Amino acid sequence: MRRFRTYNQVEETGQELPAQVAAQQERLKDRLASVRSIWLVGSGKGGVGKSAVTANLAAALAARSFSVGGLDGDVNGPSLARMLGAERGPLRSDGVGVAPAAGVAGTRVMSMDLLLGSADAPLRWREPDAAAGFIWQSTLEAGAVREFLSDVAWGTLDILLIDLPPGTDKLSRALQLIPEPAGVLLVTTPSEAARAAVARSARLVREAGVRRAGLIVNMAGHACSSCGHVDALFAAAADHRLVQESGMEAWARIPFHAGFATATDAGRPPVLDDPNGPAAAALLALADRVASTLDTEPL
Amino acid sequence: MKFLCLACDQAMEFAERQLPGDGTLAAVFGCPTCGREIAMLANPMETQLVSSLGIKVGGREVPEQPLELVRSSLAEGRPDAFLDDSAPANPSAVQGPVTWSDDAVQRLSHVPTFVRGMVKRIYTDYARERGIERITPEIMDTARTDLGLEGM
């Protein structure tokens, strides 16, 4: 019987695929060298308001004169560019990078929404056999996020916020691309369904040894448009159980306010125009807390 | 993956890449000691799997372009999503101006606008790195094969 050497025992010929993957990682590292801190905004649960939190946090930090980037990691359901008021105009590209779009308050934005053919165009890839697309589509999606990180000319940033799609796997992938983020914010609501889903992400974050991790409890009550009085929106109040069981602190509790959601959807984050509203005030306090960590981040 | 010449117990080296059609990728590897050659044929699914990683069998001939994977893979890209400068990805490769023949320009015009600027830069980089002064359809064919530009 023949006895073969292992792959690693055979000499390199310089063309191997691992070397190209290593080159991709090096490019990513080079690009992010001028980014002072990266924060992941995830959840594990869909529909909890991750993008709205990310957009308002980005705008609030930018309004405090920090240079802020917003990367929409949700390539299938992109919404961050719209929420940050970024126009779908042409992005300047040269041989070394693609310029991000300009969002409100000087934010720099990259999103699949800026690249798709029309507002209702689903994300579809050119592929030889669409029926077998499930084999490589997730690889392409992960590759797209990697390119958004490494190939966008972000320039010097104080903070890059990455808005992740729902799913614990997306958070796990992001932590592989960015092994040492400055922090992770997990958005939840007081519902029991959200608690159960976000608990999985909380465990993943804890086991990854992330330096800072906080829960953002969105829809933490309903703020009356007239008097501002806040009533409970979910009877379960499961967020308190999540805090207790996950060991993660709630960094912000954001009440639901219809006008807040409408303004954010229209690309004008209320932290800029209505900073005294109950939801905006909670997000501005969150921005201050995130900003306070910059003192410990290397330049 | 590596290919081993069993007679010489030596890793074979990449020699040539071709796209013969129907999504097949052909890559030729040769033994540096005895000269024996083999051709690896990847079916369209295998070719797609490799390209989904943003890597090229046999290595890269020109630097990777910004958002190359997204731009070359997206089925329904916005035609005016990019405003492409002609700056090369590798400025050190610049050896002189590269011009395009009318036929080559005509052929380039058939490339979707979402990806056209990037494709133009790839062909230009290819020509610059080889000291080619004028890009013709024949040069585009050669570059397409050498670079494995499936669908470009």
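Procedures and definitions
- Residues numbered from 1 in each chain as written.
- Chains lettered and ligands numbered in written order.
- Predicted model: local features only at pLDDT ≥ 70, side-chain atom pairs only at ≥ 80, totals over all residues.
- Heavy atoms only, no water.
- Helix = DSSP H or I, 4+ residues; strand = E, 2+ residues; numbered from the N terminus.
- Buried < 20%, exposed > 50% of the residue type's maximum accessible area, 1.4 Å probe, protein only.
- Contact = heavy atoms within 4.5 Å.
- Areas by Shrake-Rupley, 256 points an atom, 1.4 Å probe, with all protein chains shown as cover.
- Lys, Arg positive; Asp, Glu negative; His and termini not counted.
- Charge placed at Lys NZ, Arg CZ, Asp CG, Glu CD.
- Salt bridge = Lys/Arg side-chain N within 4 Å of Asp/Glu carboxyl O.
- Phe/Tyr/Trp six-rings, centres within 6.5 Å; stacked < 30°, edge-to-face > 60°.
- Lys NZ or Arg CZ within 6 Å of the ring centre and 35° of its normal.
- Buried area = accessible area lost by both parts, 1.4 Å probe.
- Polar contact = N/O pair within 3.5 Å; in protein donor to acceptor, adjacent residues only side chain to side chain.
- Nonpolar A, V, L, I, M, F, W, Y, C, P; charged D, E, K, R; others polar.
- Pairing = 2+ DSSP bridges.
- Axes fitted to C-alpha atoms, helices over the stretch in contact; angles between N-to-C directions.
- Parallel < 35°, antiparallel > 145°, perpendicular 65-115°, else oblique.
- Left-handed = near helix turned anticlockwise from the far one by under 90°.

Q: Even after reading the chapter, I still don't get the overall build of chain B, so can you show me in this structure?
A: When helices and strands are counted, chain B shows five helices and eight strands. What you see in chain B, going N to C, is helices and strands ordered as β-β-β-β-β-α-α-β-β-α-α-β-α. Taken along the three principal axes of its C-alpha coordinates, chain B extends 55 × 35 × 25 Å. The buried share of chain B, taken over its 152 residues, is 49%. In chain B, the share of contacts with a sequence separation of at least 24, taken over all contacts with a separation of at least 6, comes to 57%. Approximately 7,000 Å² of chain B is accessible, and the part contributed by carbon and sulfur atoms is 51%. The distance from the centre of the 15 positive side-chain charges to the centre of the 22 negative ones in chain B is 3 Å.

Q: I keep staring at the pattern of salt bridges and nothing clicks. Help me out?
A: Opposite charge on two side chains makes pairing possible when the charged atoms of those side chains draw close. What the rule picks out here adds up to 26 salt bridges over all chains. Among the salt bridges present, the one from Glu207 of chain A reaches Arg203 of chain A, with a minimum N-O distance of 2.8 Å. With Glu207 of chain A and Arg203 of chain A both in helix H6 (residues 192–208) and four residues apart, the pair spans about one turn of that helix. On the basis of relative accessible area, Arg203 of chain A is assigned to the partly exposed category, the value being 49%. The shortest N-O distance in the salt bridge between Arg78 of chain B and Asp80 of chain B comes to 2.7 Å. Several salt bridges share partner residues, and in doing so they unite Arg27 and Asp151 of chain A together with Arg60, Glu64 and Glu68 of chain B into one network.

Q: Please clarify how the packing of aromatic side chains should be interpreted in this entry.
A: For any pair of aromatic rings, the description consists of the separation of the ring centres together with the inter-plane angle of the planes. Counting across every chain of the model gives five aromatic pairs over all chains. With centroids separated by 6.3 Å and ring planes inclined at 75°, the aromatic side chains of Trp100 of chain B and Tyr123 of chain B adopt a geometry described as edge-to-face. Within this pair, whereas Trp100 of chain B is found in strand E7 (residues 99–100), its partner Tyr123 of chain B is found in helix H4 (residues 113–129), the two being separated by 23 residues in sequence. The same class applies to Trp100 of chain B and to Tyr123 of chain B, which are both buried. Feature note: the residues Phe3, Phe14 and Phe29 of chain B constitute an aromatic cluster, connected by ring pairs. Here the basic side chain of Arg289 of chain A rests over the ring of Trp251 of chain A, its NZ or CZ set 4.0 Å away from the ring centre. Sitting above the plane of the Tyr7 of chain A ring, Lys2 of chain B keeps its charged end 4.0 Å from the centroid.

Q: What am I meant to see in the interface of chain A and chain B here?
A: On the chain B side, the residues contacting the 53 residues of chain A number 51 residues. With both chains or domains summed, chain A and chain B bury close to 4,500 Å², and 59% of this area falls on carbon and sulfur atoms. A per-residue breakdown of the area chain A buries against chain B is headed by Leu17, Leu115 and Arg126 of chain A, which together make up 15% of the total. One can count five salt bridges joining chain A with chain B. Between Arg124 of chain A and Glu76 of chain B there is a salt bridge whose closest N-O contact spans 3.3 Å. Taken together, the links from chain A to chain B amount to 30 residue pairs in polar contact (both at pLDDT 80 or more). Breaking the side of chain A that touches chain B down by element, the ones donating at least two residues are helix H1 (17–32), strand E3 (91–93) and helix H4 (137–150) of chain A. The greatest single-element share of the side of chain A that touches chain B, amounting to seven residues, is contributed by H4 of chain A. Class assignment of the residues belonging to the side of chain A that touches chain B gives a composition of 25 nonpolar, 12 polar and 16 charged. Bridge count for E3 of chain A against strand E6 (residues 82–84) of chain B is three bridges, and the pairing is parallel.

Q: I'm lost on the side chain of Thr189 of chain A in this one. Help?
A: For Thr189 of chain A, the location among the structural elements is in the loop between strand E7 (183–188) and H6. With sequence-adjacent residues up to four places away left out, Thr189 of chain A is seen in contact with Val48, Ala194, Val217, Asn218, Met219, Phe234 and Asp239 of chain A.

Q: Explanation requested: the environment of Ala27 of chain B in the structure shown.
A: All names here are of chain B. Mapped onto the fold, Ala27 is located in strand E4 (residues 24–30). According to the relative accessible area criterion, Ala27 is buried, its value standing at 0%. Residues Ala27 and Met40, spaced 13 residues apart in sequence, show a C-alpha to C-alpha distance of 5.1 Å. Not counting the four nearest positions on each side in its chain, Ala27 is found in contact with Phe14, Glu16, Arg17, Ile38, Ala39, Met40 and Val57.

Q: Looking at this structure, how should I read the packing of H6 of chain A against helix H7 (residues 238–246) of chain A?
A: The relative placement of two packed helices comes down to the angle between their axes together with the axis-to-axis distance. Residues and elements named next belong to chain A. In the contact formed by H6 and H7, the axes pass within 10 Å of each other and the chain directions differ by 20°. Taken together, the axis directions place H6 and H7 in an arrangement best described as roughly parallel. The two elements H6 and H7 cross, and the hand of that crossing is right-handed. Mapping the contact onto sequence places Glu192, Arg195, Val198, Ala199, Ala202 and Arg206 in H6 and Ala238, Arg241, Leu242, Glu245 and Ser246 in H7.

Q: What should I look at first to understand the sheet that holds strand E3 (residues 13–21) of chain B in this one?
A: Residues and elements named next belong to chain B. Taken in spatial order, the three strands of this open sheet run E3-E4-E5, and their pairing is antiparallel. If you trace the sheet from one side to the other, it starts and ends with E3 and strand E5 (37–42), each paired once. For this sheet, the mean angle separating the axes of adjacent strands, direction not counted, is 20°. With six bridges joining them, E3 and E4 adopt antiparallel strand pairing. Its bridge partner being in E4, Glu16 is matched across the sheet by Val28.

Taken by themselves, the reported measurements are silent on function.
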